[in-house]
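Now for the letters of each chain:
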Amino acid sequence: MELIDGKQISNDIKAEIAAEVEKLLNTNSKVPHLAAVLVGEDPASQTYVASKEKSCHEVGFVSSLYKYPETISEAELLKVVDFINEDEEIDGFIVQLPLPKHISVDKIIERIKPSKDVDGFHPVNVGRMNIGLPSYISATPFGIVELLKRYKIETEGKHCVVLGRSNIVGTPISILMSRNTNPGNCTVTLCHSKTKNLKEICSQADILIVAIGKPEFVTEDMVKDGAVVIDVGIHRVESKLTKSGFKLIGDVKFDEVSKKCSFITPVPGGVGPMTIASLLLNTFKAAKKEVYK
Ligand code: GUN
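Residues numbered from 1 in each chain as written. Predicted model: local features only at pLDDT ≥ 70, side-chain atom pairs only at ≥ 80, totals over all residues. Heavy atoms only, no water.

Our focus in this paragraph is the side chain of N85. Assignment of secondary structure puts N85 in helix 3 (residues 74-86). In this structure N85 comes out as buried when scored by relative accessible area, which is 5%. A distance of 2.8 Å separates a polar atom in the side chain of N85 from the backbone oxygen of R111. Sequence-distant contacts of N85, that is, excluding residues within four places in its chain, are made with F93, R111, I112, K113 and K116. (Helix = DSSP H or I, 4+ residues; strand = E, 2+ residues; numbered from the N terminus. Buried < 20%, exposed > 50% of the residue type's maximum accessible area, 1.4 Å probe, protein only. Polar contact = N/O pair within 3.5 Å; in protein donor to acceptor, adjacent residues only side chain to side chain. Contact = heavy atoms within 4.5 Å.)

Shown next as structure tokens:
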């Protein structure tokens, strides 16, 4: 079994981006600029945004933060989006989710200019991705594809089973894995809460991508010998073995499943670290106008 080291790959990608930024600086060219909009005081969102800003600085991007109280109205937030859409200094931006209940996430996302939507959440980017046009692909599916690519994992003709049909992970990764690309060219089965014979289907997977949001849901008896297992889940649970009293676990029962796999992503340190690397890559594409000319 080989561990897929997302932390290492993410660091490699950051180093590659930093080298490109260095070249831009040497020619006095503009460096990429990522903005983040943060509403309210949700601790997880604050941590995510801080970590996105830190990564921008590590690679030499400019980053800016637009911070608003929980009480901001939907109309005001739409104005913020309009303002950033028109700011030519900013190449791409994200509106950190979740948003307060009185604000429609769909309305806000649809207002973001697709050419600046480096989260890849706008329906135009989702639609373009679906039909194979250049687009921003959202961070998690993009990260998974990048891991498969960099570990040179053979995907053509393989049976890929995806657990979970969310808009930001399960659905897009099932499309990416079925496309005529490398990685891709898989026969894909997308499973969800109403799927029957889940164990039987999972046991047929050459590549099993798990984004079901249930701690240690996938057990040894659901996995074929030699399968590639990608675990998207992340859960903080109590543990007597750590100083903090908590540990992070995935959607896959790692200790038993890892014994049967050819490759597996650990939690933490697998898919997680790839999401920021993906965001930085999308921001670089935005700055280079690679997706929208
Ligand atoms: N909240 C949790 N993950 C994400 C993400 O990838 N993008 C945004 N905008 N919000 C999030």
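Contacts to the ligand come from K52, V95, Q96, L97, D119 and F121. V95 has a polar backbone atom sitting 2.8 Å from a nitrogen atom of the ligand. Summarising the interface, the protein chains cover 75% of the accessible area of the ligand, which totals 280 Å² for the free molecule. Looking at the shell around the ligand, its residues break down into 3 nonpolar, 1 polar and 2 charged. (Near = heavy atom within 4 Å. Areas by Shrake-Rupley, 256 points an atom, 1.4 Å probe, with all protein chains shown as cover. Nonpolar A, V, L, I, M, F, W, Y, C, P; charged D, E, K, R; others polar.)

Closest axis-to-axis distance for the helix 6 (residues 139-150)/helix 10 (residues 272-287) pair is 8 Å, and the angle between their directions is 100 degrees. What the angle tells us is that helix 6 and helix 10 run roughly perpendicular. Along its contact with helix 6, which presents A139, T140, F142, G143, E146 and L147, the element helix 10 presents M274, T275, S278, L281, N282 and K285. Classifying every residue of the contact of helix 6 with helix 10 gives 5 nonpolar, 5 polar and 2 charged. (Axes fitted to C-alpha atoms, helices over the stretch in contact; angles between N-to-C directions. Parallel < 35°, antiparallel > 145°, perpendicular 65-115°, else oblique.)

Before going further, it helps to examine the nonpolar core. Within soluble globular proteins, side chains that are nonpolar tend to cluster in buried spots. Formed by 51 residues in total, the largest nonpolar core has its most connected members in I17, F61, I144, I173, M177, I209 and I230. What I144 contacts, discounting residues up to four positions off in sequence, is I173, I209, I230, V232 and V271. Grouped together as the second largest cluster of nonpolar side chains are 18 residues, V161, A205, V218 and C261 included. (Core = buried A, V, L, I, M, F, W, Y, C linked by side-chain atoms within 4.5 Å.)

On to the sheet that holds strand 4 (residues 92-95). The strands that make up a sheet pair up through hydrogen bonds in the backbone, lying either parallel or antiparallel. In space, the 3 strands of this open sheet follow the order 3-2-4, with parallel pairing throughout. The open sheet has two edge strands with one neighbour each: strand 3 (62-68) and strand 4. If you compare each strand with its neighbour and ignore which way they point, the axes differ by 15 degrees on average. Running over the sheet, helix 2 (residues 43-59) touches strand 2 (33-39), strand 3 and strand 4 and is turned about 160 degrees from strand 3. (Pairing = 2+ DSSP bridges.)

This part takes up the pattern of salt bridges. Scanning the model with the defined rule gives 12 salt bridges in all. Put simply, K23 and E20 hold a salt bridge, and the shortest N to O gap is 3.2 Å. Separated by 3 residues within a single helix, K23 and E20 lie in helix 1 (residues 6-26), roughly one turn from each other. Note that K149 and E146 form a salt bridge whose closest N and O atoms lie 3.7 Å from each other. Here the residue K149 and the residue E146 both occupy positions in helix 6, the gap between them amounting to 3 residues, near one helical turn. On the accessibility criterion, K149 (43% relative accessible area) is partly exposed. The exposure class of E146 is buried, given its relative accessible area of 9%. One network of salt bridges, with partners in common, ties together E16, E146, K149 and R150. (Salt bridge = Lys/Arg side-chain N within 4 Å of Asp/Glu carboxyl O.)

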